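Listed below, chain by chain, are the residues.
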Amino acid sequence: MADNPKKKGRDSELVSEQEHEVAYLMRTAKVTRQKALKAIREAGPSREKVMEYLGKQ
């Protein structure tokens, strides 16, 4: 997600450990905060890879 959630573009393809992005992952993937953070660290900044990683868990 972008720093500004209303902003679209290439940033929407990336994910970071910012609180609003972790919260979004927790809601959409229905995982705990720890699992969301681990996914970001393990899979890297690509939102697609993070969601793929969480799907394999």
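Counting starts from 1 at the beginning of each chain's written sequence and moves along it residue by residue. Thresholds applied to this predicted model are a pLDDT of at least 70 for local features of residues and 80 or more for the giving and counting of side-chain atom pairs; totals over whole chains, interfaces and linings are not thresholded and use all residues. The side-chain values count all of the structure's non-hydrogen atoms but skip hydrogen atoms and water molecules.

Student: An account of the overall build of the protein is needed here, citing residue identities and associated values.
Tutor: Helix and strand assignments follow DSSP, with helices taken as H or I runs no shorter than four residues and strands as E runs no shorter than two, numbered in order from the N terminus. A tally of regular secondary structure across the protein gives three helices and zero strands. Relative accessibility decides the category of a residue: with a 1.4 Å probe and only protein chains considered, values under 20% of the type maximum give buried, values over 50% give exposed, and everything between is partly exposed. Counting the 57 residues in the protein, one finds 26% classified as buried. Residue contacts are defined here by distance: any two heavy atoms, one from each residue, within 4.5 Å place the two residues in contact. In the protein, the share of contacts with a sequence separation of at least 24, taken over all contacts with a separation of at least 6, comes to 31%. Split by element, the accessible area of the protein, about 4,200 Å² in all, is 50% carbon and sulfur. Surface accessibility follows the Shrake-Rupley procedure with a 1.4 Å probe radius. Residue values consider only the protein chains on display as shielding.

Student: So, helix α3 (residues 47-56): which residues are in play, and what are the values?
Tutor: Residues three or four positions apart in an α-helix share a direction because the helix packs 3.6 residues into each turn. Along α3, the residues classified as buried are R47, V50, Y53 and L54. For α3, the angular spread of the buried residues around the axis is 125°, confining them to a single face. In α3, the exposed positions angled more than 90 degrees off the buried face are occupied by E48, K49, G55 and K56. If you follow the buried residues of α3, they end up packed against α1 (19-29) and α2 (33-43). Note that the arc is computed from the directions linking the helix axis to the C-beta atoms.

Student: Any chance you could break down the confidence of the model for the protein for me, citing the residues and the numbers?
Tutor: Each residue carries a pLDDT value, the predictor's own confidence for that position, ranging from 0 to 100. For the protein, per-residue confidence averages 85 on the pLDDT scale, and 81% of positions sit at 70 or higher. The lowest-confidence element of the protein is α3, averaging 91 in pLDDT; the highest-confidence one is α2, averaging 95.

Student: Can you explain the nonpolar core? Please cite residues and give values.
Tutor: Nonpolar side chains in soluble globular proteins tend to end up buried together. Buried Ala, Val, Leu, Ile, Met, Phe, Trp, Tyr and Cys residues form a nonpolar core when they are joined through side-chain atoms within 4.5 Å. Counting 11 residues, the largest nonpolar core consists of V15, V22, L25, V31, A36, L37, A39, I40, V50, Y53 and L54. Contributing elements (two or more residues each) for this core: α1, α2 and α3. Per-element tally for this core: the top contributor is α2, with four residues. Setting aside chain neighbours within four positions, we find L37 in contact with E17 and V22.

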